[in-house]
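# A structural walkthrough
Here's the letter readout for the chains.
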Amino acid sequence: MIQSVKVKNLSLSKDNVRKSNRDADLDSLADNIAAHGLLQNLVVTPLKKAGHFTVKAGGRRLRALQRLIDSGRLAGDHEVQVLVLEDDAGSAEASLAENFHRVAMNPADECSAFKHFLDKGASAEDVAKRFGVTTRFVEQRVRLAELAPLVFAALAAGEITLGVAQAYAVTPDVDRQARVFESMSRSYYGDNPDNIRRALLNGTVKATDAKARFVGRDAYVGAGGRIERDLFGEDVDESWIDVELIEQLAAQKLEAAAEALAAEQKLAFVTPVLATHVPYDMECQLHEYHPPLRELSGDEQERVDSLSDEGDALIRELETELEDGTPRPRRLRRGSPT
């Protein structure tokens, strides 16, 4: 029998078969109930106190409803529809049946459903709020919905896993996805997400690459550089696909830095090397530099001659020995070099 009961008159039964993960994604479930109402009735049995029931199946829904009432999002006397079992004989069986025979929704169907709402004009934020998920989750599912048709069909048919589909979504280029998918389908390791990502990103540069960090994201994007973001990775998992532009910008910035350093240090030249190490062939070109000598001025020549004479005198003095064989103590004259 179906009847309407106030949430505050419901309590969780010990016969509920779900013992673990009772609070998993409870906020998400609460948001979903707030947006759409309770779409699946609770299964209850009556207690001795008139009008009070114990919930045999639907414990997470009951907790979500209680959380909504506690937060003020639902009224304190909010009522829900429940299926009332007249005795406890089949309550545990009903709880098990409800949980055991529940089939998770195919990820491909989720993707198509979320994309449907966005195509109708809803924002990712609005859809996320109504279904109790994060905006990023909605964006991820929509990205999967935009996979190359043969890749998406494989996901819908269960031929590839969700993790494999996410690997293909690392780039929005559906033509590249299709080429790699056809190639990987013939490979022994074609279902490995890491192998798929490497194949798709071949010829691109990660945001953590030394040249990318040297150029800077703003400069790269400002010059028209394109970026592909992996929605299923970390925030830093971006791929910069215009490699030639990165090389050009890095070379320009490095050359400017070399010119500035040469001017600051008064160097004849500074050779920029666009690498994290100096290549061996460039090292072989390095050699000592001996600047050409110029003629001394008259004063400079006189000073050199004076120092030379003084040096000769010191040598003669040091070479003179006393009778006992010990060197004569050195006498330093005022102004003479030590």
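All values derive from a computational prediction rather than experimental measurement. (Residues numbered from 1 in each chain as written. Predicted model: local features only at pLDDT ≥ 70, side-chain atom pairs only at ≥ 80, totals over all residues. Heavy atoms only, no water.)

## Overview of the packing of helix α5 (residues 124-131) against helix α6 (residues 135-145)
- It is at 8 Å that the axes of α5 and α6 come closest, and there the two elements cross at 110 degrees. The pairing of α5 with α6 is recorded here as roughly perpendicular in orientation. α5 and α6 meet at a crossing whose hand is right-handed. Contact residues: α5 offers Ala124, Glu125, Val127 and Ala128, while α6 offers Thr135, Val138 and Glu139.
- Among the residues making up the contact of α5 with α6, the classes are represented as 4 nonpolar, 1 polar and 2 charged. (Axes fitted to C-alpha atoms, helices over the stretch in contact; angles between N-to-C directions. Helix = DSSP H or I, 4+ residues; strand = E, 2+ residues; numbered from the N terminus. Parallel < 35°, antiparallel > 145°, perpendicular 65-115°, else oblique. Left-handed = near helix turned anticlockwise from the far one by under 90°. Contact = heavy atoms within 4.5 Å. Nonpolar A, V, L, I, M, F, W, Y, C, P; charged D, E, K, R; others polar.)

## Comments concerning the pairing of strand β3 (residues 42-46)
- Along β3, 4 of the 5 residues are buried, which leaves the element largely enclosed by surrounding structure.
- Here β3 runs beside strand β5 (residues 79-84); their pairing, made up of 3 bridges, is parallel. Of the residues in β5, the one forming a bridge with Leu42 is Val82. (Buried < 20%, exposed > 50% of the residue type's maximum accessible area, 1.4 Å probe, protein only. Pairing = 2+ DSSP bridges.)

## Section: the packing of aromatic side chains
- By the definition in use, this model includes 3 aromatic pairs.
- Consider the rings of Phe114 and Phe137, whose centres lie 6.0 Å apart with planes at 85 degrees: the pair is edge-to-face. A residue pair is termed long-range when its members are at least 10 positions apart, and Phe114 in helix α4 (residues 107-119) and Phe137 in helix α6 qualify at 23 residues.
- Residue classification places Phe114 among the buried residues on the basis of a relative accessible area of 9%.
- Geometrically, the ring pair formed by Tyr220 and Trp240 is stacked, given 4.5 Å between the ring centres and 5 degrees between the ring planes. On the criterion of sequence distance, the pair formed by Tyr220 in helix α12 (residues 217-222) and Trp240 in strand β8 (residues 238-240) is long-range, its members being 20 residues apart. Accessibility assignment for this pair places Tyr220 and Trp240 in one class, buried.
- The ring of Phe214 carries the charged tip of Lys253 above its face, separated from the ring centre by 4.7 Å. (Phe/Tyr/Trp six-rings, centres within 6.5 Å; stacked < 30°, edge-to-face > 60°. Lys NZ or Arg CZ within 6 Å of the ring centre and 35° of its normal.)

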